[in-house]
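Chain by chain, the residues run as shown.
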Amino acid sequence: MTLVQSLRQRVEGRRGKLVLIGLFAALFLYPVILPFAVYEQGVLLLAFLLALMAVSWNIISGFAGYVSLGHSVFLGLGAYTGGLLAEKYQVNPLWFMPLGGLVAFVAAALVGMVVLRARGHAFVIITIALLLSMQVLVTNFSTITNGSNGVNVPLPFWSSDYQNMPFYYLFLVLLLATVAFAAWVRRTKFGTGLLAIREDEDKAAAIGVNTTRYKVLAYAVSALPIGVAGVVYAYFLSFINPIGAFALLTSVTIVLSALAGGRGTLWGPVLGGFVVSIVSEVANVYGGGSQSRLLVLGLALVLVVLFLPQGILPAVSARLAKRRAAKQAVEYTDQAGVATARTPIVVTPRSAPSAGKTSAPLLEIRGAKKSFGGLRAVDGVDLTVEAGSITALIGPNGSGKTTLFNLVTGAMPLGEGEIWFDGTRIDRLPPWERAHLGLGRTFQITRLFKSMTVLENVVAPLPSASWGLMAKDAVSGHEAERARELLDFVGLGRFGQQQAGALSYGQQKLVELAQVLMLEPKMILLDEPAGGINPTLVNRMVEIIRDLNRQGIAFLVVEHNIPLVLDLCDPVAVLSRGQVIAQGPPSIVRADPAVLEAYLGPEWLPAEPVPDVVLDQPSLSGKGS
Ligand code: ADP
Ligand code: MG
């Protein structure tokens with residue numbers, strides 16, 4: 001009985017895998033069992049090709065969220081690479097499959113390096129432009145490409161008895177290889193970084209992800225399998241011309257397939273590729289030609305966008321998950337309870353700040369300015385943070401605290417001035433390089449990657465720019481172990497497998513802190529760590545900050561909870577209208593008339609009078625009121 005039960009459980013747990021194995025086994029056997037179903041084989045092999053392209057597209061547009069509307073350009077590049085060389089040397093085009101992949105990879109990398117430095121819609125436009133301009137180029141460079149007359153690719157070397165069967169298997173194997181490749185990408189730190197970029201690109205940069213490199217590489221990598229397949233495609237067609245090889249409609253069907261199946265998932269694009277090819281073939285045959293096919297595909301796109309915005313696969317798995325959840329009752333009943341035991345941890349900042357060894361402060365901001373239009377949000381700030389200190393930055397709302405953080409971490413370009421961190425001038429460095437130097441931050445409104453699990457969030461940061469690190473498994477091995485330790489340290493060890501978005505606000509703040517610790521920071525900027533969270537968690541937060549500080553991590557804390565600031569921080573800097581109006585020990589700053597007027601209000605006047613000598617200190621006098 002128990003054996004049967006455990007067997008059943010095991011089968012149920014792997015039901016998805018079994019279905020896939022069964023399906024692909026059937027696809028492998030199909031031409032053997034029905035060798036004369038030539039037409040059906042032809043339809044299926046094009047479905048494999050479309051699925052392959054959708055899976056590749058998904059790497060840049062599903063994982064990283066940068067939509068390419070011209071992805072068939074790489075099919076054309078591969079087809080022309082293989083076709084032209086095969087025609088010229090009269091050899092089997094399949095020898096050029098690696099070269100086709102390489103050409104596509106390099107072309108995408110070059111275009112990516114130009115356009116992916118920026119954000120947003122430029123990329124979409126460029127991808128279409130690339131496709132159309134390749135069409136024009138290939139048409140016009142007729143000395144090499146034979147222009148619009150096209151290229152006759154050598155005919156298949158195998159006996160015509162086999163018909164399309166070799167192509168069928170070639171595309172099927174290429175499809176499986178591409179899926180395996182995409183699955184591997186998704187598992188690595190590179191893949192996690194791409195998801196991070198999709199969800200919140202600025203945040204990704206702040207935790208050490210070199211977003212430019214990631215995007216360019218993702219685009220190039222997503223072109224590669226299509227370039228390889230393009231060579232096979234040219235051989236299959238045996239004739240290629242610019243209009244057919246660089247077809248806009250192919251690009252549209254790639255996008256439609258991935259959207260219909262489930263963009264961002266692994267198998268969704270495969271499913272979508274199959275569905276779209278078969279629907280379009282049916283429309284072609286029964287609808288009377290290619291016009292009706294266009295109509296059906298257009299209609300399908302509208303239907304998908306309206307009714308299955310997530311795609312078929314996510315919709316189905318959501319439905320299954322709901323049923324399963326109903327069966328298993330509620331598992332996370334204690335979600336509200338926050339306080340699990342914290343465990344101590346050793347953080348050892350990369351170069352433990354040696355007190356007194358160097359006299360230079362860890363962070364030094366000189367004359368920093370930043371304007372938004374006419375508004376001078378940061379207006380000539382001089383501020384230093386000593387190694388090993390917990391420095392506070394307080395001031396009224398809108399005084400420029402968050403903006404100053406953005407300038408220090410590189411989320412915004414500095415207008416004027418200089419910022420030095422640990423002996424390096426950092427104000428021109430991209431955010432990820434600043435993170436790699438050991439500068440971490442949390443956000444006023446937490447910015448976790450909400451669709452990832454808590455654990456995935458904590459392993460996402462990259463403490464260095466090493467290429468090897470990118471290829472490492474995201475959630476296994478040493479890194480994941482460290483992430484679990486850090487979660488235990490902030491007392492959230494049990495929540496590792498939960499969606500980050502399901503946690504309470506305070507818990508999210510703690511996860512964000514654990515995330516920053518993954519960077520092995522020397523200094524952490526905390527933007528309102530106690531803002532909007534319950535008192536138990538505030539106490540825990542303070543405990544954690546103290547604990548980390550004892551181990552050598554410096555903090556710059558923006559916080560409105562004044563008792564907390566006065567208790568935790570020394571020194572305290574006060575910002576008002578973009579300028580530091582006071583900086584010094586808490587007891588002195590709280591008595592500074594300029595501070596009382598600008599921010600604290602009279603109720604913070606200390607009971608006993610503060611000696612005059614202190615008030616006369618130059619560091620306390622308001623600068624430029
Ligand atoms: P604080 O964190 O001290 O409350 P902020 O740094 O968020 O203050 O804001 C300082 C000033 O700059 C505010 O007047 C705010 O409206 C403005 N500001 C902040 N960010 C931007 C932005 N991205 N674009 C335009 N104005 C901004
Ligand atoms: Mg703020």
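In this text the structure is predicted, and so the values were computed from the model without any measurement.

Q: Can you tell me about the pattern of salt bridges, naming the residues and giving the values?
A: Scanning the entire structure with this criterion turns up 14 salt bridges. A salt bridge links Asp-473 to Arg-187, with the nearest nitrogen and oxygen atoms 3.6 Å apart. Separated by 286 residues along the polypeptide, Asp-473 in the loop between helix H20 (467–470) and helix H21 (477–489) and Arg-187 in helix H8 (residues 165–187) bring together distant segments of the chain. With a relative accessible area of 30%, Asp-473 lands in the partly exposed category.

Q: Run through the sheet that holds strand E7 (residues 424–425), naming residues and quoting values.
A: In spatial order, the strands read E4-E3-E6-E7; together these four strands make up an open sheet with antiparallel pairing. Where the open sheet ends on each side, the last strands, each with one partner, are strand E4 (375–385) and E7.

Q: Which residues make up the site of ligand 1, and what values do they have?
A: Neighbouring ligand 1 are the residues Phe-372, Leu-375, Ala-377, Pro-396, Asn-397, Gly-398, Ser-399, Gly-400, Lys-401, Thr-402, Thr-403 and Met-412. One of the backbone nitrogen or oxygen atoms of Ser-399 is found 3.3 Å away from an oxygen atom of ligand 1. Take Thr-402: an N or O atom from its side chain is 2.7 Å from an oxygen atom of ligand 1. If ligand 1 stood free it would expose 560 Å²; the protein chains cover 62% of that surface. At three residues, the largest contribution of residues to the shell around ligand 1 is made by helix H17 (residues 401–409). Taken together, the residues of the shell around ligand 1 break down into five nonpolar, six polar and one charged.

Q: Give a description of the nonpolar core that names residues and reports values.
A: What tends to happen in soluble globular proteins is that the nonpolar side chains get buried as a cluster. With 94 residues, the main nonpolar core has Phe-48, Phe-74, Leu-175, Leu-194, Tyr-219 and Phe-246 as its most contacted residues. Examining the composition of this core, we find that 16 residues originate from one element, helix H11 (residues 211–237), more than from any other. Domain assignment of the residues forming this core places at least three in each of domain 1 (37–246) and domain 3 (451–520). Ignoring anything within four residues of it in the chain, the contact list for Tyr-219 reads Ile-60, Ser-68, His-71, Phe-74, Ala-108, Val-111, Gly-112, Leu-116, Phe-123, Thr-127 and Leu-130. In this structure, Val-458, Ala-530, Leu-564 and Leu-600 belong to the second largest nonpolar core, which totals 56 residues.

Q: Account for the pairing of strand E5 (residues 390–394), naming residues and giving values.
A: Among the five residues that make up E5, five are buried, leaving the element largely enclosed by the rest of the structure. Side-chain alternation along E5 places Ile-390, Ala-392 and Ile-394 on one buried face and Thr-391 and Leu-393 on a second face that is also buried. Pairing of E5 with strand E10 (residues 554–558), which is carried by four bridges, proceeds in the parallel orientation. Among the inter-strand pairings, Thr-391 is bridged to a residue of E10, identified as Leu-556. Pairing analysis gives three bridges linking E5 to strand E11 (residues 572–576), with the strands arranged parallel. Bridge pairing in E11 links Ile-394 to Val-574.

Cut-offs and rules
Residues numbered from 1 in each chain as written. Chains lettered and ligands numbered in written order. Predicted model: local features only at pLDDT ≥ 70, side-chain atom pairs only at ≥ 80, totals over all residues. Heavy atoms only, no water. Salt bridge = Lys/Arg side-chain N within 4 Å of Asp/Glu carboxyl O. Helix = DSSP H or I, 4+ residues; strand = E, 2+ residues; numbered from the N terminus. Buried < 20%, exposed > 50% of the residue type's maximum accessible area, 1.4 Å probe, protein only. Pairing = 2+ DSSP bridges. Near = heavy atom within 4 Å. Polar contact = N/O pair within 3.5 Å; in protein donor to acceptor, adjacent residues only side chain to side chain. Areas by Shrake-Rupley, 256 points an atom, 1.4 Å probe, with all protein chains shown as cover. Nonpolar A, V, L, I, M, F, W, Y, C, P; charged D, E, K, R; others polar. Core = buried A, V, L, I, M, F, W, Y, C linked by side-chain atoms within 4.5 Å. Domains from an automatic or database assignment. Contact = heavy atoms within 4.5 Å.

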